[in-house]
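# Analysis of the macromolecular model
One letter stands for each residue in the lines below.
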Amino acid sequence: MEKSKIIISGILVGLLGVLLVRFGNPANMGVCVACFVRDISGGLGFHRAEVVQYLRPEVSGFIIGAFIISMFSGEFRARGGSSPLLRFLIGMAVMIGALVFLGCPLRMVLRLAAGDFNAVIGLLGFIFGIFVGVQFLKRGFSLGRSQRIHNGNGIAIPGLALVLLILVIVAPAFIFFSESGPGFARAPFLISLGAGVLIGVLVQRSRLCQIGCFRDMMLIGDSHLLYGSLAIFAAALVGNLALGYFNPGFVDQPVAHTAGLWNFIGLAVVGLGATLLGGCPIRQTILAGEGDTDAGMTFLGLLFGAAVAHNFGLAASPAGVSQAGQAGVLLSAVFLLVVGFAFTVPQISFVRKGGVTLDR
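Residues numbered from 1 in each chain as written. Predicted model: local features only at pLDDT ≥ 70, side-chain atom pairs only at ≥ 80, totals over all residues. Heavy atoms only, no water.

## Some details on the overall build of the chain
- Counting its regular elements, the chain contains 15 helices and four strands.
- For the chain, the C-alpha radius of gyration of 20 Å lies close to 21 Å, the compact-globule estimate for 360 residues.
- The dimensions of the chain, computed from C-alpha atoms along their principal axes, are 75 × 50 × 45 Å.
- Across the chain, every contact between residues at least 6 apart in sequence was considered, and the portion connecting residues at least 24 apart equals 81%.
- Computed over 23 positive and 14 negative side-chain charges, the separation of the two mean positions in the chain equals 7 Å. (Helix = DSSP H or I, 4+ residues; strand = E, 2+ residues; numbered from the N terminus. Rg over C-alpha atoms; globule rule 2.2 N^0.38 Å. Contact = heavy atoms within 4.5 Å. Lys, Arg positive; Asp, Glu negative; His and termini not counted. Charge placed at Lys NZ, Arg CZ, Asp CG, Glu CD.)

Here it is, written out as structure tokens:
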């Protein structure tokens with residue numbers, strides 16, 4: 001039953017990823033958490049890259065869908081306190097890695113299904129990053145335990161998602177909308193929102209996670225989550241072939257570059273960071289919708305990381321990765337490794353006794 005649930009969810013997510021392209025989203029970008037959050041960051045004016053500014057309704061849909069279904073299923077639970085600030089910073093690092101690759105792990109799967117061979121190199125980097133993260137997990141890495149908190153905290157991110165929907169509908173002057181480029185390519189509002197809500201429900205119920213499938217195989221030999229990613233790939237491949245979107249090769253791929261080393265490193269950073277966080281960007285977004293405020297801090301880190309990436313020229317483009325982007329992703333990798341080691345080494349706590357500091 002559980003295997004059927006995750007396979008069906010994967011098939012539907014894969015098909016929606018292709019259909020959203022058919023309805024107007026950028027090619028090979030029917031669904032991409034990193035790209036969509038980047039667009040939202042631009043739409044709010046946090047960065048001024050004019051071609052990637054739009055309050056993507058899909059992201060609000062992910063969160064609201066997860067919120068609604070978790071409320072009905074009794075799984076909504078406000079919790080937090082597991083290194084929230086650090087999760088914010090790791091979220092930033094993950095976003096920088098994703099924007100060097102030009103996509104989140106879900107878009108990596110959709111790019112693979114459309115014949116983009118650059119995503120194969122990204123996949124290898126992604127698995128490598130997860131492998132490194134798993135070594136930290138095996139040695140006891142932990143960001144700490146979350147605790148139950150007031151339910152008002154748990155509705156903060158769903159509330160933000162609702163505000164974003166209102167802003168994209170009202171379109172006040174202080175909200176930015178791209179007039180060209182990927183930010184201008186968008187499916188109609190209701191289709192985008194409906195698809196986002198459905199994906200939010202599916203991912204919340206099935207626990208789909210691109211990080212989880214490889215992490216669980218490496219840690220405990222469990223391939224359960226892998227079926228979901230394979231189903232996304234298979235469904236998207238069939239959809240791309242049916243609609244004529246399949247274009248195998250390295251060159252002339254939409255919103256992609258051929259700098260193989262940086263594709264590898266970019267998704268290695270995403271793989272490592274998301275393993276430390278406990279889930280890929282879409283999983284973190286869904287968790288934020290069901291009341292996890294630590295995941296909410298990660299989501300805000302992604303949002304802020306997108307602004308940093310574009311304001312400081314770290315994000316890649318189809319022309320390649322700038323020197324600033326190369327430095328940024330390498331610094332992100334170093335930061336994540338430091339976090340991994342710091343939270344794996346046994347902690348020493350201190351108490352003061354008679355004016356003398358002692359360890360215990």
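## Observations regarding helix α2 (residues 33-43)
- With 11 of 11 residues buried, α2 lies mostly within the body of the structure.
- Among the residues of α2, Val33, Ala34, Cys35, Phe36, Val37, Arg38, Asp39, Ile40, Ser41, Gly42 and Gly43 are the ones counted as buried.
- Contacts made by the buried residues of α2 are with α3 (57-73), α4 (84-101), α5 (105-113), α8 (156-170), α13 (281-289) and α14 (293-311).
- Positive phi shows up at glycine 45, right after α2, with a value of about 85 degrees. (Buried < 20%, exposed > 50% of the residue type's maximum accessible area, 1.4 Å probe, protein only.)

## Quick look at the environment of leucine 137
- Positionally, leucine 137 belongs in helix α6 (residues 118-138).
- For leucine 137, a relative accessible area of 24% puts it in the partly exposed group.
- As for leucine 137 and leucine 219, which are separated by 82 residues in sequence, their C-alpha atoms are 8.5 Å apart.

## Some details on the pattern of salt bridges
- Here the structure, examined in full by the defined rule, presents nine salt bridges.
- Of the charged contacts in the structure, one is a salt bridge between aspartate 39 and arginine 38, with a shortest N-O distance of 3.0 Å. No difference in accessibility class separates aspartate 39 from arginine 38, as the two residues are buried.
- Here glutamate 75 makes a salt bridge to arginine 207, at a shortest N to O gap of 3.0 Å. Here the residue glutamate 75 occupies a position in the loop between α3 and β1 (79-80), and arginine 207 occupies one in the loop between α9 (189-206) and α10 (210-220), the gap between them amounting to 132 residues.
- The partly exposed category is assigned to glutamate 75, whose relative accessible area is 27%.
- Judged by its relative accessible area of 30%, arginine 207 falls in the partly exposed class. (Salt bridge = Lys/Arg side-chain N within 4 Å of Asp/Glu carboxyl O.)

## Side note on the packing of helix α12 (residues 260-277) against helix α15 (residues 323-342)
- For the pair α12 and α15, interaxial distance at closest approach is 10 Å and the crossing angle is 30 degrees. Taken together, the axes of α12 and α15 lie roughly parallel to each other. The two elements α12 and α15 cross, and the hand of that crossing is left-handed. Touching Trp262, Ile265, Gly266, Val269, Leu272, Gly273 and Leu276 of α12 are Gln326, Val329, Leu330, Ser332, Ala333, Leu336, Leu337, Val339 and Gly340, all from α15.
- Its residues assigned to classes, the contact of α12 with α15 shows 11 nonpolar, five polar and no charged. (Axes fitted to C-alpha atoms, helices over the stretch in contact; angles between N-to-C directions. Parallel < 35°, antiparallel > 145°, perpendicular 65-115°, else oblique. Left-handed = near helix turned anticlockwise from the far one by under 90°. Nonpolar A, V, L, I, M, F, W, Y, C, P; charged D, E, K, R; others polar.)

## With respect to the packing of aromatic side chains
- Here the structure, examined in full by the defined rule, presents eight aromatic pairs.
- Between the aromatic rings of tyrosine 54 and phenylalanine 177, the centroid separation amounts to 6.0 Å while the plane-to-plane angle is 50 degrees, which identifies the pairing as tilted. Taken together, the residues span a long stretch of sequence, with tyrosine 54 in the loop between α2 and α3 and phenylalanine 177 in the loop between α8 and α9 at a distance of 123 residues.
- What makes tyrosine 54 buried here is its relative accessible area of 5%.
- The side chain of arginine 186 reaches across the aromatic face of tyrosine 54, ending 4.3 Å from its centre. (Phe/Tyr/Trp six-rings, centres within 6.5 Å; stacked < 30°, edge-to-face > 60°. Lys NZ or Arg CZ within 6 Å of the ring centre and 35° of its normal.)

## Examining the nonpolar core
- Formed by 100 residues in total, the largest nonpolar core has its most connected members in Val37, Val59, Ile90, Met108, Phe126, Ile199 and Ile282.
- By residue number, the principal contributor to this core is α4, which donates 12 residues.
- The residues touching valine 37, leaving out its near neighbours within four places in the chain, are Val59, Met95, Phe299, Leu302 and Leu303. (Core = buried A, V, L, I, M, F, W, Y, C linked by side-chain atoms within 4.5 Å.)

## Digging into the confidence of the model for the chain
- The predicted model of the chain has a mean per-residue pLDDT of 95, with 95% of residues at 70 or higher.
- Low pLDDT (under 50) marks residues 348-360, which in the prediction has 13 contacts with non-local residues, meaning those over four places away or in another chain. (pLDDT = per-residue confidence, 0-100.)

## Brief notes about the side chain of serine 9
- Examined against the element boundaries, serine 9 turns out to sit in helix α1 (residues 2-22).
- Polar contacts involving the side chain of serine 9 include one to the main-chain carbonyl oxygen of lysine 5, which spans 2.9 Å.
- Non-local contacts of serine 9, meaning those with residues more than four positions away in its chain, are made with Leu202, Ser206 and Leu208. (Polar contact = N/O pair within 3.5 Å; in protein donor to acceptor, adjacent residues only side chain to side chain.)

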